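Architecture at a glance
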Amino acid sequence: MSEVRPLGRATLARVALAHARASDTLCVRLLTEPSIVVLHMSDHLDLLIIGAGPAGLSAADAAASEGLTYLVIEKGTIANTIRQYPVGRTLFSTPNELEMCEGSLHPVRDKPTREELLSHYIHFVLDHDLHITTGEEVTDIARDDTHGFIVHTRRKGFQEQEQNYQARTVLFAFGAMEHPRLLNIPGEDLPKVHHRFVEPYPYVRKEALVVGGGNSAAEAALFLSEEGARTTMAIWRDDWENRDPKAGAMKHWVRSPLEREIAEGRLRVILYKNIDEITPDSVRLTTEAGESMTVANDVVFVLIGSDADLTMLKDLGVRTAPGKLTEVPVYNPETFETDVPGIYVAGHFTNARHIKAAIDVPRKIVPLIAEKLRSP
């Protein structure tokens, strides 16, 4: 059995010290956020879940309801993808599309901020005593004829530690932001180039360029412009003229203030064909008309999407196929089991990409997993 409980800093230190001196059969996990200790009396699991985002949390809750022995392993923090959103960002979705339980998310405004949603997910973990370890990375998974799978991990801390788990089934529930897409041009490795936007405040009165055509790029350009950066947005015409939400168009509540910034002369939009080179003080690009243009520049944000890391799934023999936006694993649309028996997928890197689907899918498939495990 496992016990999960929130602890204060002083208690946390005493528990860690006491159990560090105890038997090797008792494993103590110190989580990075929030402060939780998970005491493992056994590492034989019915279900091991990789990723503590909405899909992983939903799967853990469903596994607990089914009476399965389970553990969620997260190499970052709880809701790590959400935590990487820009500081203060308002989510595009309404509470009913994001909350873990109906009526449980109560933002100050119509849509929650990044911070409100993070708090919601963390308190769901605390309130439901979910078995989660953070700061621990799955490094390898091997099939085992006796136990199903042997999962190897590496845990960060005062000193690096390795751990093995035996799991009958494994659910991959990580996010799709592991590998930012690159322009693959000279100068993209300069320190001033970023593939993630956090906040605009370091760039007041700086020459900022945002490359991209989705909501993330549009939001970054808007925040930078509103907070005093001299901002240029480089975007393809097809993306700029796209008004179809189903085709990835930027949300109207982002576009409207963005167009206001343009009209008032604080934001410049360049319809481009290629970004050719980034130098320490400029960016050279080709406009859609085929003209070469050099713009003065202090900082570049390349926000053209990101992809999940499917390496481990492929190493297990899981096939992949082209999805709506990127490569996705091949899986049964009813059970979300891949073509490797016992390996399941859920979350943003599947075809069910929205957060609501990431929450709903595990509640559908974990009972099916439990039923299969109970079968003779």
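Here the residue numbers are simple positions, counted from 1 along each chain's written sequence. Given that the model is predicted, a residue must reach a pLDDT of at least 70 before its local features are reported, and side-chain atom pairs must reach 80 or more before they are shown or counted; all residues, however, enter totals for whole chains, interfaces and linings. Only hydrogens and water are set aside; all other atoms, that is, all heavy atoms of the structure, feed into the side-chain values.

**Regarding the packing of helix H2 (residues 54-65) against helix H4 (residues 114-128)**
Here is the rule: The convention used is that axes are lines fitted to C-alpha atoms, helices contributing only their stretch in contact, and that angles between N-to-C directions extend from 0 to 180 degrees. Strands are runs of DSSP state E lasting at least 2 residues, helices are runs of H or I lasting at least 4, and numbering of each runs from the N terminus. Roughly parallel means an angle under 35 degrees; roughly antiparallel means over 145; roughly perpendicular covers 65 to 115; every other angle is labelled oblique. Should the near helix be turned anticlockwise from the far one by less than a right angle, the crossing is left-handed, and should it be turned clockwise, the crossing is right-handed. The contact criterion used throughout is that any non-hydrogen atoms of two residues lie within 4.5 Å.
Two numbers describe how H2 lies on H4: the axes approach to 11 Å, and their chain directions differ by 15°. The orientation of H2 with respect to H4, classified from their angle, is roughly parallel. Seen along the crossing, H2 lies across H4 with a hand that is left-handed. Contacts from Pro 54, Leu 57 and Asp 61 of H2 reach H4 at Tyr 121, Phe 124, Val 125 and His 128.

**So, the pairing of strand E15 (residues 282-287)**
Rule in force here: Relative accessibility decides the category of a residue: with a 1.4 Å probe and only protein chains considered, values under 20% of the type maximum give buried, values over 50% give exposed, and everything between is partly exposed. Any two strands between which DSSP finds at least two bridges are classified as paired.
In terms of residue burial, E15 counts as a mostly covered element, since five of its six residues are buried. Hairpin connection, strand E14 (residues 267-279) to E15: the antiparallel pair is bridged by two residues. Note that E15 and strand E16 (residues 292-296) share five bridges and pair antiparallel. Residue Thr 286 lies in a different strand from E16, and its bridge partner there is Ser 292. Hairpin geometry of E15 and E16 is characterised by an intervening segment of four residues between the two adjacent antiparallel strands and by a positive phi of about 90° at Gly 290.

**Focus: unusual backbone geometry**
Of note in this structure, Asn 184 is not a glycine but carries a positive phi near 55°. Assignment of secondary structure puts Asn 184 in the loop between strand E10 (179-180) and strand E11 (193-194). In this model, Arg 205 sits at a positive phi of 60°, which is unusual for a non-glycine residue. Among the structural elements, Arg 205 can be located in the loop between E11 and strand E12 (207-211).

**Section: the sheet that holds E16**
The mixed open sheet is built from seven strands, whose spatial order is E11-E17-E12-E13-E14-E15-E16. In this open sheet, the two strands that pair with only one neighbour each are E11 and E16. In this structure, E12 lies alongside strand E17 (residues 299-302), joined through four bridges in parallel fashion. Paired with Val 211 across the bridge in E17 is Val 302.

**Regarding the nonpolar core**
Basically, it comes down to this: Take the buried residues of types Ala, Val, Leu, Ile, Met, Phe, Trp, Tyr and Cys, join any two whose side-chain atoms come within 4.5 Å, and each joined set is a nonpolar core.
Counting 69 residues, the largest nonpolar core has Tyr 121, Val 170 and Phe 172 as its most contacted members. Ranked by residues supplied to this core, first place goes to helix H9 (residues 355-374) with nine residues. Phe 172 has contacts with Ile 50, Ile 141, Met 312, Leu 313, Leu 316, Ile 343, Tyr 344, Val 345, Ala 346 and Phe 349, leaving out every residue within four places of it along the chain. Membership of the second largest hydrophobic core comes to 23 residues, among which are Phe 92, Leu 222, Leu 271 and Leu 303.

**Description of helix H5 (residues 215-226)**
Spelled out, the test is: The span you would expect from a helix comes to 1.5 Å times its residue count less one.
In a regular helix each residue adds 1.5 Å, so 12 residues correspond to 16 Å; H5 covers 16 Å between its end C-alpha atoms and thus fits that length. Burial within H5 is extensive, with nine of its 12 residues counted as buried. Taken together, the buried positions of H5 are Asn 215, Ala 217, Ala 218, Glu 219, Ala 220, Ala 221, Leu 222, Leu 224 and Ser 225. If you follow the buried residues of H5, they end up packed against E12, strand E13 (230-235), helix H7 (252-263), E14 and E17.

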